[in-house]
Amino acid sequence: MAKIGLEAAQNLFRMIVEGTHFDRVLRKATIVALSPSKCTCEMTVEEEHANKHGTLHGGMASTLVDTVSTVAIMASDRSAAGVSTDLSVSFVRAAKIGERIRIDAECLKAGRSLAYANVTISRCSDDAILCTGKHTKFFTEK
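All chains use their own residue numbering, which begins from 1 and follows the written sequence. The predicted origin of the model limits local features to residues at a pLDDT of at least 70 and limits the giving and counting of side-chain atom pairs to 80 or more, whereas totals for whole chains, interfaces and linings rest on all residues. Side-chain metrics in this entry use all non-hydrogen atoms of the structure; hydrogen atoms and water are not considered.

**Q** Just checking my understanding: could you explain the overall build of the protein for this structure?
**A** A count of helical and extended segments in the protein gives two helices and six strands. In the protein, the succession of helices and strands from N to C terminus is α-β-β-α-β-β-β-β. Radius of gyration: over C-alpha atoms. The globule rule applied is 2.2 Å multiplied by the number of residues raised to the 0.38 power. Against the compact-globule benchmark of 14 Å for 142 residues, the protein has a radius of gyration of 14 Å, which places it among compact chains. With respect to the three principal axes, the spread of C-alpha positions in the protein is 45 × 25 × 25 Å. We call two residues contacting when some pair of their heavy atoms lies within 4.5 Å. Nonlocal contacts in the protein, meaning residues at least 24 apart in sequence, comprise 64% of its contacts between residues at least 6 apart. Working note: accessible area of the protein is about 7,300 Å², and carbon and sulfur atoms make up 52% of it. Looking at the protein, you have 18 positive and 16 negative side-chain charges, and the mean spots of the two groups are 4 Å apart. Numbered from the N terminus, helices here are DSSP runs of H or I no shorter than four residues, and strands are runs of E no shorter than two. Accessible areas in this description were obtained via Shrake-Rupley with a 1.4 Å probe; residue shielding takes into account the shown protein chains only. Only four residue types enter the tally: Lys and Arg on the positive side, Asp and Glu on the negative side, with His and both chain ends excluded. Every charge is mapped onto a representative atom, which is NZ of Lys, CZ of Arg, CG of Asp or CD of Glu.

**Q** Honestly, the pattern of salt bridges in this entry has me stumped. Any pointers?
**A** A side chain with one charge may pair with a side chain of the opposite charge, provided their charged atoms come close. Take a side-chain nitrogen of Lys or Arg and a carboxyl oxygen of Asp or Glu: if they are within 4 Å of each other, that pair is a salt bridge. Across all of its chains, the model carries eight salt bridges by this definition. Of the charged contacts in the structure, one is a salt bridge between Asp104 and Arg102, with a shortest N-O distance of 3.5 Å. Accessibility here uses a 1.4 Å probe with only protein chains present; expressed as a share of the type maximum, an area under 20% marks a residue as buried, one over 50% as exposed, and anything in between as partly exposed. Owing to a relative accessible area of 28%, Asp104 belongs among the partly exposed residues under this scheme. Of the charged contacts, one joins Asp126 and Arg123 as a salt bridge, the two residues approaching to 3.1 Å between their closest N and O atoms. The class for Asp126 is partly exposed, based on a relative accessible area of 45%. Via salt bridges that share partners, Arg27, Lys28, Glu46 and Glu48 belong to a single interconnected network.

**Q** Just to check I follow, could you spell out the pairing of strand 6 (residues 129-138) for this structure?
**A** Looking down a regular strand, the side chains alternate between one sheet face and the other. Paired strands, as defined in this entry, are two strands with at least two bridges between them according to DSSP. Here strand 3 (residues 83-91) runs beside strand 6; their pairing, made up of eight bridges, is antiparallel. Directly across from Val89, in strand 6, lies its bridge partner Gly133. As paired elements, strand 5 (residues 114-123) and strand 6 share nine bridges and run antiparallel to each other. Bridge assignment links Thr120 to a residue of strand 6, and that residue is Thr132. Connecting the antiparallel pair strand 5 and strand 6 is a turn made up of five residues, with Asp127 showing a positive phi of about 60 degrees.

Here it is, written out as structure tokens:
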């Protein structure tokens, strides 16, 4: 199967985030790099992404892991989105409102029915790791 290109990935990402559903919380994230099985996005943490402590909300971090890893999987040989079967996020340190963050996702393996991806969310200013995530997806079509 053909891998999606940067422009197609950006269009897909825009389609996902510009809707009226939950994914619209990602509308301020942008894809800055895409290569086979890898996707990198950046965004600035704003009040709408924060918890009551003024730091990146865990649910927002989990949504970033889910969505950016899905784009990385779609940039692999599998080039399909699939459905999530497992998603885990480990929180290492906080990102404050106003800080710019980078989300690096890599599809480790995309087989016939399952794909596995790892994600690191880090602070752009000092590359400090904020969160790490793992995502497994199942493909309904062969």
